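Inside the fold
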Amino acid sequence: MDWFASGGRREGREASRPRAGDVARADVPTCRLDERRADLAARVRAAGWSQCVVVDDDRVVLGLLEGEALDGGAATAADAMREGPTTIRPHVTLDDTVKSLAAHRREQVLVTTSDGRLVGLLRRADAERRLSTAA
Amino acid sequence: MTMAREITREDVRRLLDEGAYLVEVLPADEYEREHIAGAVSIPLARLGREASRLPRDRAIVVYCYDYQ
């Protein structure tokens, strides 16, 4: 039933361990498939980001735009996005999240519910900082 | 008596709001580690023996692993 991934409350010895959903940045910019890439790049940069998550009307993740793809010559977000970005669920512990990111040499990952809705973007540095303060 | 059926997350929320009795049937150490808020622990191996103490006047939601 995937209760925890949907934000359901938990109890028990390990219930207070920090989770991916706790540090995911919910303010990561989002856009639609048909948004003009040039307009999008300007909006994302103005907000201080270098990534944009492409979502549908239900905030289900469709793709990710970042780096050269964001600033390239593609006409729309759909043309420029990377489809099927890696995602994790919000209930995954930060310990496991950091280990996984380190093992795959990744600095960030998208956090989504089990039905693919965007929770936010988790930065490895944020997770490591949270773990160091919790220790 | 109503037969058991599989239900969705939304069904669980609604039933809990209505006062359903929530039972986790995983081993006790799993329950101690983490469980859904408000659940009671009746490990599957004991469920048959302890069924008589389950309430008869409300819905009973039984679950095992949460993770997909």
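Description of the structure in this document. Along each chain, the written sequence defines residue order, and numbers are assigned to residues from 1. Following the order in which they are written, the chains are lettered starting with A and the ligands numbered starting with 1. Selection of residues for local features in this predicted model requires a pLDDT of at least 70, selection of side-chain atom pairs for listing and counting requires 80 or more, and totals for whole chains, interfaces and linings are taken over all residues. Only hydrogens and water are removed before side-chain values are computed, so all heavy atoms of the structure are retained for them.

1. Brief notes about the pattern of salt bridges
For this analysis, a salt bridge means a side-chain nitrogen from Lys or Arg found within 4 Å of a carboxyl oxygen belonging to Asp or Glu. As enumerated under the stated definition, the model contains 22 salt bridges over all chains in all. D126 of chain A serves as the salt-bridge partner of R129 of chain A, at 3.0 Å between the closest nitrogen and oxygen. On the criterion of helical spacing, the pair formed by R129 of chain A and D126 of chain A is a turn pair, its members being three residues apart in helix α6 (residues 124-134). Several salt bridges share partner residues, and in doing so they unite E14, R17 and D95 of chain A together with E30 and R33 of chain B into one network. Only DSSP runs of H or I reaching four residues or more are called helices, and only runs of E reaching two or more are called strands; each is numbered from the N terminus.

2. Quick word on the interface of chain A and chain B
Working rule for contacts: check all heavy atoms of both residues, and any pair within 4.5 Å makes them a contact. Facing 19 residues of chain A, the contacting portion of chain B comprises 15 residues. Between chain A and chain B lies a buried interface of about 1800 Å² when both sides are counted; carbon and sulfur atoms form 51% of it. Our count for the contact surface shared by chain A and chain B stands at four salt bridges. Across the pair E14 of chain A and R33 of chain B runs a salt bridge, and its minimum N-O distance is 3.3 Å. Two N or O atoms form a polar contact when they lie within 3.5 Å of each other; inside protein one atom must be a possible hydrogen donor and the other a possible acceptor, and for residues adjacent in sequence the pair counts only when both atoms belong to side chains. At the junction of chain A with chain B, the criterion picks out eight residue pairs in polar contact (both at pLDDT 80 or more). Relative to strand β2 (residues 35-36) of chain B, strand β1 (residues 10-11) of chain A is paired through two bridges, and the arrangement is antiparallel. Paired with E11 of chain A across the bridge in β2 of chain B is H35 of chain B. Accessible area that two parts lose when put together, evaluated with a 1.4 Å probe and summed over both, is termed the buried area. Any two strands are treated as partners once DSSP identifies two or more bridges connecting them.

3. Side note on the packing of aromatic side chains
Ring pairs are drawn from Phe, Tyr and Trp, using the six-membered ring of Trp, whenever the two centres fall within 6.5 Å, and their geometry is named by plane angle: stacked under 30 degrees, edge-to-face over 60, tilted for the rest. For the structure shown, the criterion picks out zero aromatic pairs over all chains. Think of it as a cone above the ring: NZ of Lys or CZ of Arg counts as a charge over the ring if it is within 6 Å of the ring centre and within 35 degrees of the ring normal. Here the basic side chain of R123 of chain A rests over the ring of W49 of chain A, its NZ or CZ set 4.6 Å away from the ring centre.

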